[in-house]
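# Examining the three-dimensional arrangement
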Amino acid sequence: MGKVIVVTSGKGGVGKTTSTANLGTALALIGKTVVVIDADVGLRNLDVVMGLENRIVYTSMDVIDNRCELTRALVKDRRVEGLTLLAASQKNNKDDIQPEQMKAICEELRSNNDFVLVDSPAGIESGFRNAAAGADEALVVTTPDVSAIRDADRITGLLQHEGVEPINLVLNRLSPEMVRKGNMVSKDDVVALLNLNLIGVVPEDRGVISSTNRGIPLVHDNSSQAAQAYMRIAKRLTGQRIPIPEIREKGFFSNILEWFSGNR
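Turning next to unusual backbone geometry. Residues Glu165 and Pro166 are joined by a peptide bond in cis, for which omega reads 0 degrees. Positive phi outside glycine occurs at Arg173, with the angle close to 60 degrees. Accessibility expressed as a relative area gives 30% for Arg173, which makes it partly exposed.

Spelled out as structure tokens, the structure:
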């Protein structure tokens, strides 16, 4: 039986969908079978981030309303074997799906896959409850700013109330330079505030925007620090014990060396 992991945060804009796409792709790249589910009914974006928006025929709502079998609603990623997407409906709203219906979908998918990653919508209302309904574990994604940390703390309490555990923390968009200048909460302070197991730190990366616009997750090109961070998190999800490296601020000579090595 595979693991069902909900990727959540409470706050929008912290990188849940980007993290789901990259972790799902990374897990498939290391040989796991993975289904990523977009649980943001009415406002789906996971298909766009993964470059699959033009191939969506059926959605989770079609499965629930018995308009198609679950297997027909799954869209295979053409770049990576073993990776599929279950898209959300754009015509419905979050209240049209009940937690037990999402749980039934997750239970069926876990029987044939190593991992099921559920991309939770922002907020703590019905959309979150649906996304967490079938989850064994959770990844709480936060950025190192006070409002995101507060919302992450709130969502952690709700996950614990629902009996979802373990709950692991992904710290996204960390900038050592901003931490040094006192404009961003440090990694250690975020961990102390949330009291969660830190499973990975993803540095600030300008390539995320272009990656999203192109519909190609970063991990397809493993040269960036963010892509490498996602690969390490994926391996930790499989049980590998990989230390979390310190993310260092890039100086002038680091940029020169990176340019030189990439153009040899």
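From this point on, the discussion continues.
Quick look at the environment of Lys91 now. Residue position: Lys91 is located in the loop between strand E4 (83–86) and helix H5 (99–110). Along the primary structure Lys91 and Val41 are separated by 50 residues, whereas in three dimensions their C-alpha atoms are 8.1 Å apart.

Let's shift gears to the sheet that holds strand E3 (residues 74–76). Pairing between sheet strands relies on hydrogen bonds along the backbone, with the strands arranged either parallel or antiparallel. Pairing is mixed across the open sheet formed by 8 strands, whose spatial order is E3-E4-E2-E5-E1-E6-E7-E8. Here the strands that pair on one side only, and so sit at the sheet edges, are E3 and strand E8 (197–203). Recorded for the sheet is a direction-independent mean angle of 25 degrees between the axes of neighbouring strands. In this structure, strand E7 (residues 167–174) lies alongside E8, joined through 6 bridges in parallel fashion.

Now for helix H7 (residues 146–161). The first and last C-alpha atoms of H7 sit 23 Å apart over 16 residues, in line with the 22 Å expected at 1.5 Å per residue. When H7 is considered as a whole, its buried residues turn out to be Ala148, Ile149, Ala152, Ile155, Thr156, Leu158 and Leu159. Against strand E1 (3–8), helix H6 (126–132), strand E6 (137–142), E7 and helix H9 (187–194) lie the buried residues of H7.

All right, on to the confidence of the model for the chain then. Summing up the model confidence of the chain, the mean pLDDT is 92 and the portion of residues at 70 or higher is 94%. In the model, residues 251–264 has pLDDT below 50 throughout and makes 2 contacts with residues more than four positions away in sequence or in other chains.

Moving on: the nonpolar core. Ile37, Val118, Val140 and Leu159 are the most contacted members of the largest nonpolar core, which totals 45 residues. The element best represented in this core is H7, accounting for 5 residues. Beyond its immediate sequence surroundings of up to four residues, Leu159 is in contact with Val6, Thr8, Phe128, Ala132, Ala138, Val140, Val164 and Ile167. Grouped together as the second largest cluster of nonpolar side chains are 38 residues, Leu23, Val49, Leu117 and Ala229 included.

Here E4 shows two buried faces, one formed by Leu83 and Leu85 and the other by Thr84 and Leu86. The pairing of strand E2 (residues 34–38) with E4 spans 4 bridges and is classified as parallel. Bridge assignment links Val35 to a residue of E4, and that residue is Thr84. Sheet analysis places E3 next to E4, joined by 3 bridges and oriented antiparallel. By the bridge assignment, Lys76 is partnered in E4 with Thr84. Taken together, E3 and the strand that follows it, E4, pair antiparallel across an intervening segment of 6 residues, in which Gly82 is found at a positive phi of about 90 degrees.

Basis of the calculations
Residues numbered from 1 in each chain as written. Predicted model: local features only at pLDDT ≥ 70, side-chain atom pairs only at ≥ 80, totals over all residues. Heavy atoms only, no water. Buried < 20%, exposed > 50% of the residue type's maximum accessible area, 1.4 Å probe, protein only. Helix = DSSP H or I, 4+ residues; strand = E, 2+ residues; numbered from the N terminus. Pairing = 2+ DSSP bridges. Axes fitted to C-alpha atoms, helices over the stretch in contact; angles between N-to-C directions. Expected span 1.5 Å × (residues − 1). Contact = heavy atoms within 4.5 Å. pLDDT = per-residue confidence, 0-100. Core = buried A, V, L, I, M, F, W, Y, C linked by side-chain atoms within 4.5 Å.

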